[in-house]
Amino acid sequence: MESKVKYPYIYFLLESNMVFVYRIKTHNYLNASDLIDRSEWEAYELQHHVQFEAFNHEESKAIDEWGFWLEQHKLSDIVEIINDCIQKHCSVDQRITTQAVHIVSSESAAGSVRVALAPPKHVIGFPDCFSIGPLWKLEEKRGQTFRNNWLFENINDEQEDVYQNKFTNTLREIEDISNHVPIYIWYGNNADEQCGLRFFLYLLRNKSNEIFLINTTEQSKVNCATSHLSSQQLAQLFMNIEEKKPLTIQDRRIFQNEWETLSQTNDILRLWINNGIKGVPENYFDPLIIETIERLHSEQATTDFIKTGAVIAELLPLIEELPSVFFLESRIRFLVYSGVLALKGIPKSIRHYSVKLRE
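Rules behind the numbers
Sequence order sets the numbering: in each chain, residues are counted from 1 along the sequence as written. Given that the model is predicted, a residue must reach a pLDDT of at least 70 before its local features are reported, and side-chain atom pairs must reach 80 or more before they are shown or counted; all residues, however, enter totals for whole chains, interfaces and linings. With hydrogens and water stripped out, all remaining heavy atoms of the structure feed into the side-chain values. The rule is simple: put a 1 Å grid over the protein atoms alone, call a set of points where a 1.4 Å probe fits but cannot get out a cavity, call an open set with protein on both sides within 12 Å along at least five of seven lines a pocket, and count a residue as lining if it has an atom within 4 Å of a point. Grid points are joined across faces, edges and corners, and a volume is the space filled by probe spheres set on the points. Numbering of helices and strands runs from the N terminus, with a helix taken as a DSSP run of H or I at least four residues long and a strand as a DSSP run of E at least two residues long. Amino acids are sorted into nonpolar (Ala, Val, Leu, Ile, Met, Phe, Trp, Tyr, Cys and Pro), charged (Asp, Glu, Lys and Arg) and polar (every other residue, Gly among them). As used in this record, nonpolar core signifies buried Ala, Val, Leu, Ile, Met, Phe, Trp, Tyr and Cys residues forming a set joined through side-chain atoms within 4.5 Å. Per-residue accessibility, obtained with a 1.4 Å probe over protein chains only, is compared with the maximum for each type, and a residue is labelled buried under 20%, exposed over 50%, and partly exposed between these values. Whether two residues touch is decided by their heavy atoms; if any such pair falls within 4.5 Å, the residues are in contact. We count Lys and Arg on the positive side and Asp and Glu on the negative side, and we leave His and both chain ends out. Definition used for salt bridges: Asp or Glu carboxyl oxygen within 4 Å of a side-chain nitrogen of Lys or Arg. Under this definition, polar contacts are N or O atom pairs within 3.5 Å; protein pairs additionally need one hydrogen-donor-capable and one acceptor-capable atom, and for neighbouring residues in sequence, both atoms have to be side-chain atoms.

1. Comments concerning the layout of surface pockets
Okay, so step 1: Reported here for the largest pocket is a volume of approximately 1,200 Å³.
Okay, so step 2: What lines the largest pocket is a set of 44 residues, and nearest its centre among them are Cys 129, Asp 192, Leu 322, Pro 323 and Ser 324.
Okay, so step 3: The set of elements that each furnish at least two residues to the lining of the largest pocket consists of helix H2 (107–116), helix H3 (141–154), helix H4 (163–175), helix H5 (191–203), strand E9 (269–273) and helix H11 (325–337).
Okay, so step 4: It is H3 that provides the largest number of residues to the lining of the largest pocket, a total of four residues.
Okay, so step 5: Considered class by class, the residues forming the lining of the largest pocket number 21 nonpolar, 13 polar and ten charged.

Pasting the structure below:
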């Protein structure tokens, strides 16, 4: 696939004689789903005597009836090309220059923070769960591809079509923060947010911004993830830390070094144990899953299949630090594939199949 930029237009040679032209109308980064809108696209037939390098859509007539189909990875490539162009042509005064920037380890927690705080502010929610999946070289493109492939092969969250673009867009947002804007990082005492904290500080290593940490577990005295706190609770926490001092350069370096250590590991599952991030075996929750299914069977008149969603619902109150319901589902599928559990249905999502212990 060839492409070239004639800002605000980007040309894509998707077929041998067809040029598709996308017009950039926003400085917001895009996901693959955003490209469905045909109003941003025009199609042109490339005449044989005109080379793609010399093509100019203003000298040609657009085709009225057209369409194209692309594999997901090619669509993601197009999104990246467009977003690269948006970032490159975004002037300094169009970058993130609000009164403050808040970074949170989940999109749901980011939504609560947006409601909790008065404008002007910019909230960045990271679209990932750092307690599961590989973190190897995640600060690099190869590590991001490695993680994306693992998630695609193991996790049934129906987000694989947009995950990679959303992840990269979030990195762009962090890169776009102006140096004078104070940054607040919200996190709790769990592996997901503690890993996220170190990753964010590594990404911010070359920025001179003042950075403030808000530990929602210590501030709220509630041992839960930030996403489980209400907007009212988050607003109160922010009021309580107004006099807090920013991180020192030494403290920032400690967190950055801890991320560099994390990014060398091969763990698939991490928990927050004794005030530290600990890698545990991938099958850590398997005995609890089997025990829970055994208990549910004991409550049946005759042993029968149990909806996977029902099994996970029983597991949730038993696990103090929940890694991800989708990770638990992946372990149930593993127990099916390894012959421990019998399967009824199609394991394409939590609601599509049932399991029982093999006799």
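2. Things to note about the nonpolar core
Okay, so step 1: Ile 103, Ile 185 and Phe 199 are the most contacted members of the largest nonpolar core, which totals 56 residues.
Okay, so step 2: Residue contributions to this core peak at six residues, all from H5.
Okay, so step 3: When sequence neighbours within four positions are dropped, the list of residues in contact with Phe 199 reads Phe 126, Phe 130, Leu 138, Glu 139, Phe 167, Leu 171 and Trp 259.

3. Points about the side chain of Arg 252
Okay, so step 1: Along the chain, Arg 252 turns up in helix H8 (residues 249–262).
Okay, so step 2: Nearest to the buried, unbridged Arg 252 among oppositely charged side chains is Glu 210, at 9.1 Å.
Okay, so step 3: Reaching out from Arg 252, the side chain makes a polar contact with the backbone oxygen of Lys 207 at a distance of 2.9 Å.
Okay, so step 4: Once you skip the residues sitting within four places of it in the chain, Arg 252 turns out to touch Leu 204, Arg 205, Lys 207, Asn 209, Ile 211 and Leu 247.

4. A word on empty space enclosed by the protein
Okay, so step 1: For the structure shown, the criterion picks out one cavity of 30 Å³ or more.
Okay, so step 2: Lining of the largest cavity is provided by Lys 141, Gln 144, Tyr 163, Gln 164, Phe 167 and Thr 168.
Okay, so step 3: Looking at the lining of the largest cavity, the element that brings in the most residues is H4, giving four residues.

5. Quick notes on the environment of Asn 148
Okay, so step 1: Mapped onto the secondary structure, Asn 148 falls in helix H3.
Okay, so step 2: Separated by 14 residues in sequence, Asn 148 and Pro 134 have C-alpha atoms that sit 9.2 Å apart.
Okay, so step 3: Those residues in contact with Asn 148 that sit more than four places away from it in its chain are Tyr 163 and Gln 164.
Okay, so step 4: Here the side chain of Asn 148 touches Gln 164 through a polar contact of 3.2 Å, side chain to side chain.

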